[in-house]
Amino acid sequence: MKKEETISLSTYDPAWPKLFHYEKHRIKKAFGMDLCDIEHVGSTAVEGMIARPVIDIQAGMYSLRLTEPLYHKLESLDYTLAEEIENERLLFTKRTNLSINLHIVLYDGERWRNGLLWRDYLRSTPKIAQNFGSFKHGLVRNGVHDLQEYISQKLSFINNVINYSNQKKGWG
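Small disclaimer: the values here were computed from a predicted structure and weren't measured.

For helix H1 (residues 15–31), with 17 residues, the first-to-last C-alpha span of 24 Å sits near the 24 Å given by 1.5 Å per residue. Looking only at H1, the buried set comprises Trp-16, Phe-20, Glu-23, Lys-24, Ile-27, Ala-30 and Phe-31. Buried residues of H1, seen end-on, are gathered within an arc of 125° and therefore sit on one face of the element. Facing away from the buried side of H1, by more than 90 degrees, are the exposed residues Lys-18, His-25 and Lys-29. At the C-terminal side of H1, Gly-32 shows a positive phi close to 60°.

Below is the structure:
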């Protein structure tokens with residue numbers, strides 16, 4: 001993820017799920033048996049949601065130790081390692097005619113569960129999805145143009161929703 005990326009928001013594009021499925025098959029082929037599951041997460045996975053036009057893909061694995069051949073396969077698919085948080089997440093980005101963030105996380109770990117929880121909560125609670133869209137618009141309207149700041153400000157909203165949802169499920 002590059003700091004100099006422009007923050008632009010788009011209305012929901014019905015092509016986003018199709019683009020996810022197209023890329024999902026390419027990623028599954030590259031990972032082979034090392035991949036446990038792959039999901040479309042983030043705002044582009046929520047029908048009707050305002051979003052940055054970047055598809056977020058969450059790939060669950062039992063280990064975050066990627067082999068060199070797998071790194072090369074991801075590079076051949078135009079992915080670049082953007083961030084590594086030890087024992088938590090590898091973030092690969094693809095910025096071609098299709099923008100993708102590939103989050104490689106531990107399958108059934110906290111990041112895996114929270115990514116699905118966030119997506120599913122937005123899908124099942126349109127009012128929260130609408131509020132989150134308004135919140136993102138407000139950030140951009142108020143001059144938040146640095147990607148890291150934009151993400152940081154969104155995280156407070158996201159974490160509040162995840163904590164609330166976890167408590168409702170009896171996980172928190």
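This paragraph deals with the packing of aromatic side chains. Within the structure shown, the criterion is met by nine aromatic pairs. The interplanar angle of 55° and the centroid separation of 5.2 Å between the aromatic rings of Tyr-107 and Trp-112 together place this pair among those described as tilted. Residue Tyr-107 is classed as partly exposed on the basis of its relative accessible area, which comes to 31%. For Trp-112, a relative accessible area of 4% corresponds to the buried category. On the numbers, 5.0 Å between centres and 40° between planes, the contact of Phe-132 with Phe-157 is tilted. Residue Phe-132 is located in helix H4 (residues 126–141), and its partner Phe-157 is located in helix H5 (residues 147–169); the two are separated by 25 residues in the primary sequence. In textbook terms, an aromatic cluster arises when at least three aromatic residues are bridged by ring pairs, as seen for Trp-118, Phe-132, Phe-135 and Phe-157.

On to the packing of helix H3 (residues 110–124) against H4, then. Put simply, H3 and H4 touch, their axes get as near as 5 Å, and they point 105° apart. In terms of their interaxial angle, H3 and H4 are classed as roughly perpendicular. On H4, the residues touching Trp-118, Tyr-121, Leu-122 and Ser-124 of H3 are Pro-126, Ile-128, Ala-129 and Phe-132. Residue composition of the contact of H3 with H4, by class: seven nonpolar, one polar and no charged.

Procedures and definitions
- Residue numbers here run from 1 along each chain, matching the order of that chain's written sequence.
- Only residues with pLDDT of at least 70 get local features here, since the model is predicted, and only at 80 or more are side-chain atom pairs given and counted; chain-wide, interface and lining totals rely on the full set of residues.
- The side-chain values count all of the structure's non-hydrogen atoms but skip hydrogen atoms and water molecules.
- A run of H or I in DSSP becomes a helix once it reaches four residues, and a run of E becomes a strand once it reaches two; helices and strands are each numbered from the N terminus.
- Multiply 1.5 Å by the residue count of a helix minus one, and that product is the helix's expected span.
- Buried residues are those whose accessible area, probed at 1.4 Å on protein chains only, stays under 20% of the maximum for their type, while exposed residues exceed 50% and partly exposed ones sit between those limits.
- Directions from the helix axis toward the C-beta atoms define the arc.
- Stacked, edge-to-face and tilted labels apply to pairs of Phe, Tyr and Trp rings (six-membered ring for Trp) whose centres lie within 6.5 Å, assigned for plane angles under 30 degrees, over 60, and everything in between, in that order.
- Orientation is described by axes fitted as lines to C-alpha atoms, over the contacting stretch for helices, and by angles from 0 to 180 degrees between their N-to-C directions.
- Orientation is classified from the angle alone, with under 35 degrees giving roughly parallel, over 145 giving roughly antiparallel, 65 to 115 giving roughly perpendicular, and any other angle giving oblique.
- Two residues qualify as a contact provided that any one of their heavy atoms is within 4.5 Å of a heavy atom in the partner residue.
- As a working rule, the residues Ala, Val, Leu, Ile, Met, Phe, Trp, Tyr, Cys and Pro are called nonpolar, Asp, Glu, Lys and Arg charged, and the rest polar, with Gly in that last group.

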